[in-house]
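# Overview (structure and organization)
Each chain is listed here by its residues.
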Amino acid sequence: NGRPFLISNVIKEELGIDCCVLSGANVASGLAAREFGEATLACSDYDDAYIWQYLFDTPWFKIDCVPDVICTELFGGLKNIIALLVGMIQGLGCGTNTVSAVMRLGVLEMILYGSIFFNVRSSIMTRVFFESCGIADLVTTCLGGRNVRGGKAFTLADGKRSWDEIEAEVTGGQHLAGLVTLKEINETLEVLMIEKSIDVEKHFPLFRHCYKIAFHNEPPKSLITILGRNELRELRFVPSGLLTLIDDSPNTGEVIQRSSSTQVGSLILSKTQSCMQD
């Protein structure tokens, strides 16, 4: 019904268990070669996080734990849209100035989306963005992942090639994650526009225009027009416009971490005994 659901929430509701999220700048081939990499492990329970960190952490794969499951999972999905946009911009022949602008503006839309649809304070979204699941994963994906290559191929063909052709060429037939996410995100934005009368074209220009280019025959070169549209941007640090859409009231969903002096072994034992009793 036009509402976003996180996979972790579906697992939690269907199985009746807590679900943690592991995400970050960790391309599988690099990890397999034991090249140094990082990941963010989001877990709402302090003791559980301690166990999972102990399990996954190695000298070449370092784990940092955060309590913000929503932010961690959102960044892992939304970054693929930004990578698609970066590919489109590269296909238009633009250089690093434009690419970096698209990445920065895309991050603002990612944070705004989480703030509106999941009632997460923008300050928390920003904090988690500086973990591996945020900025590092975004940079890694935009350095030349499949979504970037797909977006570039689409733009070089001036939007005349089908996505099926491009996916066959770029991924061997696998769907581009950015395309799937882009379509689903815009379904929720359209509901937001209708039900809340929010100008999503103004507040989510990249998400909306990328969708029109990908699925509604908007010419890729029009993306440059959107980036440089002839209106002044709102003043920063003033509670008006876009900033009023973000609820910066105290976040009741933020986990209060409790101190723990227990060891991994006793934690696992207590968890196991509890499950057996249930």
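Look a little higher up for the structure.
Presented here is a report on the structure given in the accompanying data block. All figures in this text were calculated on a predicted structure; none of them were measured in a lab. (Residues numbered from 1 in each chain as written. Predicted model: local features only at pLDDT ≥ 70, side-chain atom pairs only at ≥ 80, totals over all residues. Heavy atoms only, no water.)

Moving on to the packing of aromatic side chains. Applying the stated criterion across every chain yields a total of eight aromatic pairs. Ring centres of Phe-204 and Phe-207 lie 6.1 Å apart, and the angle between their planes is 20°; this geometry places the pair in the stacked category. Both residues of the pair, Phe-204 and Phe-207, count as buried. Three or more aromatic residues joined by ring pairs make a cluster, and in this case those are Tyr-113, Phe-117, Phe-204 and Phe-207. (Phe/Tyr/Trp six-rings, centres within 6.5 Å; stacked < 30°, edge-to-face > 60°. Buried < 20%, exposed > 50% of the residue type's maximum accessible area, 1.4 Å probe, protein only.)

Let us now look at the environment of Met-88. Relative to the helices and strands, Met-88 is located in helix H4 (residues 69-91). In the structure, Met-88 is positioned 126 residues away from Ala-214 in sequence and 9.9 Å away in space, judged by C-alpha atoms. Those residues in contact with Met-88, other than ones at most four positions away along the chain, are Gly-151, Lys-152, Phe-154, Thr-155, Trp-163, Cys-210, Ile-213 and Leu-223. (Helix = DSSP H or I, 4+ residues; strand = E, 2+ residues; numbered from the N terminus. Contact = heavy atoms within 4.5 Å.)

The next thing to look at is helix H6 (residues 122-129). The set of residues buried in H6 consists of Ser-122, Ile-124, Met-125, Val-128 and Phe-129. With its buried residues spanning 160° around the axis, H6 presents them on a single face. For H6, the elements touching its buried residues are H4, helix H5 (96-118) and helix H7 (132-142). (Arc of directions from axis to C-beta.)

Here Asn-119, not a glycine, exhibits a phi torsion of approximately 55°, which is positive. Positionally, Asn-119 belongs in the loop between H5 and H6. For Asn-119, a relative accessible area of 46% gives the class partly exposed.

Here we take up the environment of Cys-71. Note that Cys-71 resides in helix H4. Residues Cys-71 and Thr-126, 55 residues apart in the sequence, show an inter-C-alpha distance of 9.1 Å. Leave out the neighbours within four places in its chain, and Cys-71 touches Val-120, Ile-124, Met-125 and Val-128.

This part covers the pattern of salt bridges. Here the structure, examined in full by the defined rule, presents 10 salt bridges. Among the charged side chains, a salt-bridge network with shared partners connects Glu-190, Glu-201, Arg-208 and Lys-212. (Salt bridge = Lys/Arg side-chain N within 4 Å of Asp/Glu carboxyl O.)

A word on a nonpolar patch on the surface. Side chains of Ile-7, Ile-11, Leu-15 and Ile-17 sit close together on the surface and give an oily, nonpolar patch of about 380 Å² of accessible area. Relative to the helices and strands, Ile-11 is located in helix H1 (residues 7-15). (Patch = residues over 30% accessible without salt bridge, like charges linked within 9 Å, V, L, I, M, F, W, Y side chains within 5 Å. Areas by Shrake-Rupley, 256 points an atom, 1.4 Å probe, with all protein chains shown as cover.)

Our next topic: the sheet that holds strand S3 (residues 61-66). The strands that make up a sheet pair up through hydrogen bonds in the backbone, lying either parallel or antiparallel. Strand order across the open sheet formed by three strands is S1-S2-S3, with mixed pairing between neighbours. Edge positions in the sheet fall to strand S1 (21-23) and S3, since each of these pairs with one other strand and no more. On average, each strand axis in the sheet is tilted by 25° relative to the strand beside it, whichever way the strands run. The pairing of strand S2 (residues 37-42) with S3 spans six bridges and is classified as parallel. Among the inter-strand pairings, Ala-42 is bridged to a residue of S3, identified as Val-66. (Pairing = 2+ DSSP bridges. Axes fitted to C-alpha atoms, helices over the stretch in contact; angles between N-to-C directions.)

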